[in-house]
Amino acid sequence: GDSVTQMEGPVTLSEEAFLTINCTYTATGYPSLFWYVQYPGEGLQLLLKATKADDKGSNKGFEATYRKETTSFHLEKGSVQVSDSAVYFCALRDPDTGNQFYFGTGTSLTVIP
Amino acid sequence: DAGVTQSPTHLIKTRGQQVTLRCSPKSGHDTVSWYQQALGQGPQFIFQYYEEEERQRGNFPDRFSGHQFPNYSSELNVNALLLGDSALYLCASSFRGEYTGELFFGEGSRLTVL
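Remember, predicted model here, so these are calculated numbers, not experimental data.

(A) Broad picture of the state of the cysteines. Residues and elements named next belong to chain A. Tallied over the full model, the rule gives two disulfides over all chains. Each disulfide pairs two cysteine sulfurs, and for Cys-23 the partner residue is Cys-90, the sulfurs being separated by 1.9 Å. The disulfide joining Cys-23 to Cys-90 has a torsion of about -70 degrees about its S-S bond and is therefore left-handed. Pair noted here: Cys-23 is in strand β4 (residues 23–26) and Cys-90 is in strand β10 (residues 86–93), with a separation of 67 residues, a long-range link. Looking at Cys-23, the relative accessible area reads 1%, which means it is buried. The buried category is assigned to Cys-90, whose relative accessible area is 1%.

(B) Spotlight on the pattern of salt bridges. Going through the model one piece at a time under the given rule, you end up with eight salt bridges over all chains. For Lys-56 of chain A, the salt bridge goes to Glu-63 of chain A, with nearest N and O atoms at 3.7 Å. We classify Glu-63 of chain A as partly exposed; its relative accessible area is 35%. Across the pair Glu-51 of chain B and Arg-55 of chain B runs a salt bridge, and its minimum N-O distance is 3.2 Å. Residue Arg-55 of chain B is classed as partly exposed on the basis of its relative accessible area, which comes to 37%. Shared partners join several salt bridges into a network, and the residues in it are Glu-51, Glu-53 and Arg-55 of chain B.

(C) Highlighting the packing of aromatic side chains. Counted under the stated rule, the structure contains 15 aromatic pairs over all chains. The interplanar angle of 40 degrees and the centroid separation of 5.6 Å between the aromatic rings of Phe-62 of chain A and Tyr-88 of chain A together place this pair among those described as tilted. One end of the pair, Phe-62 of chain A, is in strand β8 (residues 62–65); the other, Tyr-88 of chain A, is in strand β10, with 26 residues separating them in the sequence. Both residues of the pair, Phe-62 of chain A and Tyr-88 of chain A, belong to the buried class. An aromatic cluster of three or more residues is present, and its members are Phe-34, Tyr-36, Phe-101 and Phe-103 of chain A together with Tyr-35, Phe-45 and Phe-105 of chain B.

(D) Region of the structure containing the interface of chain B and chain A. Opposite the 21 residues of chain B that make contact, chain A presents 21 residues. Summed over the shared surface of chain B and chain A, the result is zero salt bridges. Here chain B is connected to chain A by four residue pairs in polar contact (both at pLDDT 80 or more). Only β4 (31–37), β5 (44–50) and β9 (87–94) of chain B provide two or more residues apiece to the side of chain B that touches chain A. Here the side of chain B that touches chain A is composed, by residue class, of eight nonpolar, nine polar and four charged.

(E) The sheet that holds strand β7 (residues 56–59) of chain A, seen in detail. Residues and elements named next belong to chain A. What the four strands build is an open sheet, ordered β3-β9-β8-β7; its pairing is antiparallel. Each edge of the sheet is formed by a strand with only one pairing partner; in this case those strands are β3 (19–21) and β7. Looking at each pair of strands side by side, their axes are set apart by 15 degrees on average, direction ignored.

The rules behind the values
Residues numbered from 1 in each chain as written. Chains lettered and ligands numbered in written order. Predicted model: local features only at pLDDT ≥ 70, side-chain atom pairs only at ≥ 80, totals over all residues. Heavy atoms only, no water. Disulfide = S-S within 2.5 Å. Helix = DSSP H or I, 4+ residues; strand = E, 2+ residues; numbered from the N terminus. Buried < 20%, exposed > 50% of the residue type's maximum accessible area, 1.4 Å probe, protein only. Salt bridge = Lys/Arg side-chain N within 4 Å of Asp/Glu carboxyl O. Phe/Tyr/Trp six-rings, centres within 6.5 Å; stacked < 30°, edge-to-face > 60°. Contact = heavy atoms within 4.5 Å. Polar contact = N/O pair within 3.5 Å; in protein donor to acceptor, adjacent residues only side chain to side chain. Nonpolar A, V, L, I, M, F, W, Y, C, P; charged D, E, K, R; others polar. Pairing = 2+ DSSP bridges. Axes fitted to C-alpha atoms, helices over the stretch in contact; angles between N-to-C directions.

Just distances and angles here, no functional claims.
Below, the structure written as structure tokens:
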């Protein structure tokens, strides 16, 4: 079945450090891929998405490229800020299995000044 | 433009009781999905409603049921509560016509079962 595997956390970085959070997926069809972010005490917000292979999603300095050959969608940011501290979830939506989203377990990021 | 709103934000129940959670979707959205997020885990799909019918269901027992109203708002009902039902329940809305569209989430209802 469909699933998403995310890098285990928590991750602690100093401000301005480079961030990578790994995400790989298993899907029966051709899924759309998403990164959601959950700030403390808030609901999930879409960070970026990619709908087909080789697409790059980007937002707020974050980027992720849909790699079909490696079934991956790694999240990267060149210089993190304290305000990026949150939990990040990788997710997929596979049209072959309906409309549900499959989420990873989340990666907690803390950025220290 | 109001986003997804959920109520109540927090509630405490005891084992065996029943609970109803409510959700109003984002303006313009016609589809509501419910997810359960246990502590330290990612959201798990419960079910989805469109045109007042359950269209898809995840791996949850029949104790979990729902409803969608003509104004697209929705309720999630859980009967015979178990300790393991303690979680954050998230409502998400979308527009069915947007095939690859994102989900818009509410802030959730935190249920504690004692």
